[in-house]
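The residues making up each chain are set out below.
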Amino acid sequence: DAGVIQSPRHEVTEMGQEVTLRCKPISGHDYLFWYRQTMMRGLELLIYFNNNVPIDDSGMPEDRFSAKMPNASFSTLKIQPSEPRDSAVYFCASSSRLGNTDTQYFGPGTRLTVL
Amino acid sequence: QKEVEQDPGPLSVPEGAIVSLNCTYSNSAFQYFMWYRQYSRKGPELLMYTYSSGNKEDGRFTAQVDKSSKYISLFIRDSQPSDSATYLCASREYGNKLVFGAGTILRVKS
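Note that the coordinates shown come from a computational prediction; the quantities given were computed from them, not determined experimentally.

Peer 1: I'd love a proper account of the overall build of chain B, names of residues and values included.
Peer 2: Across its full length, chain B carries zero helices and 11 strands. Along the three orthogonal principal directions, the C-alpha set of chain B runs to about 40 × 25 × 20 Å. Taken across its 110 residues, chain B has 45% of its residues classed as buried. Across chain B, contacts joining residues at least 24 apart in sequence account for 53% of those joining residues at least 6 apart.

Here it is in C-alpha cells:
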C-alpha cells in the first residue's frame, strides 16, 4: 500500500496567486481530512469528507479556501488568492471510519510558502 | 481556551531517561485518546491509542488517561535518540473529529 499521497511536496508562490494542493487517500478509506500545521497554531483540522461529501468545514479559515472531493480517490484544497499568512504545512489524512478504533493515516504533507 | 492543551517544549533528555509527556483536555465527552508521533518533515503517525481511563502499554511506551482530572500522559522508558520527534496528543468524542494538542518537541541526546 502506497499510503496517502500528496502533491506537490513543496510549493512556493507569490501573494495573490492560486494554489491547488492534491491528495490521494488510501484505497477503501471512506474519510478524508485536510489539516494545516503551523508553529503558532499547531495541527488544525480544516475540513473532512465522508464518502466524498463534505461533513464539517468549520475549520476552513475563510472563503479563499475551498476543498473538493470529486471521487473516492482524489481531493483538492484550493487557496485563491493566496496570502503570506497561508504559509504552512498542509496534511491530508484518511481513515476507514470515525469509530472508536479507527486510525488516521497522514500523508507526507505539502509545505506551502507564500511570498 | 483550546480543547486540548499541550506544552510545546522542547523537552531535552539524555539517552536512557524516562520521559513523561502530558496533555490536559476540557471536553468531558472525550472518550478516545491517542498519541501521534511526528518526525521532522513527515506526517504524524499513530503511536498509542486508549479508550476512557486507564493505562495501556506497548513496549517502552505507556499511555495513561485520568478522566477525573482530564489528564493524558505518555511515558517513554529507556529513551533512545530515535525517539526524538514531536509528540501530539489527540482526543475525540465517539464518531467525531480528532482534536489535537499543539505537540511537544522531544530531543533525546546520545
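Peer 1: Account for the environment of Met60(A), with residues named and values stated.
Peer 2: By secondary structure assignment, the location of Met60(A) is in the loop between strand 6 (53-56) and strand 7 (65-71). Apart from the residues within four sequence positions on either side, Met60(A) is in contact with Leu46(A), Ile47(A), Phe65(A), Ser66(A), Ala67(A) and Leu77(A).

Peer 1: Tell me about the sheet that holds strand 8 (residues 71-76) of chain B, and name the residues and values.
Peer 2: All names here are of chain B. Taken in spatial order, the five strands line up as 1-3-8-7-6 in an open sheet, and their pairing is antiparallel. Every interior strand has two partners, whereas the edge strands, strand 1 (4-6) and strand 6 (54-58), have only one. In this sheet, adjacent strand axes meet at a mean angle of 20° when their direction is disregarded. Direction of pairing for strand 7 (residues 61-66) relative to strand 8: antiparallel, over a ladder of six bridges. Of the residues in strand 8, the one forming a bridge with alanine 63 is leucine 74.

Peer 1: Report on the interface of chain B and chain A, specifying residues and quantitative values.
Peer 2: Taken together, the contact between chain B and chain A spans 20 residues of the former and 23 residues of the latter. Between chain B and chain A the total buried area reaches about 1,700 Å² when both faces are included, carbon and sulfur atoms providing 52% of it. In terms of surface lost to chain A, no three residues of chain B exceed Arg41(B), Lys97(B) and Phe100(B), which account for 29% of the buried area on that side. Along the contact surface separating chain B from chain A lie one salt bridge.

Peer 1: Tell me what's going on with the side chain of Thr50(B), and back it up with residues and numbers.
Peer 2: In this fold, Thr50(B) is placed in strand 5 (residues 45-51). Among residues more than four places away in sequence, those in contact with Thr50(B) are Gln31(B), Tyr32(B), Phe33(B), Lys56(B), Ala63(B) and Val65(B).

Peer 1: Tell me about the packing of aromatic side chains, and name the residues and values.
Peer 2: Tallying each qualifying case throughout the model produces 14 aromatic pairs over all chains. With 6.4 Å between their ring centres and 15° between their planes, Tyr32(B) and Tyr49(B) make a pair best called stacked. In this pair, Tyr32(B) is assigned in strand 4 (residues 32-38) and Tyr49(B) in strand 5, connecting sequence segments 17 residues apart. Residue class for Tyr49(B) comes out buried when judged on its relative accessible area of 15%. Through a chain of ring-to-ring contacts, three or more aromatic side chains come together here, namely Tyr31(A), Phe33(A), Tyr35(A), Tyr48(A), Phe91(A), Phe106(A), Tyr36(B) and Phe100(B).

So, how was this worked out
- Residues numbered from 1 in each chain as written.
- Chains lettered and ligands numbered in written order.
- Predicted model: local features only at pLDDT ≥ 70, side-chain atom pairs only at ≥ 80, totals over all residues.
- Heavy atoms only, no water.
- Helix = DSSP H or I, 4+ residues; strand = E, 2+ residues; numbered from the N terminus.
- Buried < 20%, exposed > 50% of the residue type's maximum accessible area, 1.4 Å probe, protein only.
- Contact = heavy atoms within 4.5 Å.
- Pairing = 2+ DSSP bridges.
- Axes fitted to C-alpha atoms, helices over the stretch in contact; angles between N-to-C directions.
- Buried area = accessible area lost by both parts, 1.4 Å probe.
- Salt bridge = Lys/Arg side-chain N within 4 Å of Asp/Glu carboxyl O.
- Phe/Tyr/Trp six-rings, centres within 6.5 Å; stacked < 30°, edge-to-face > 60°.

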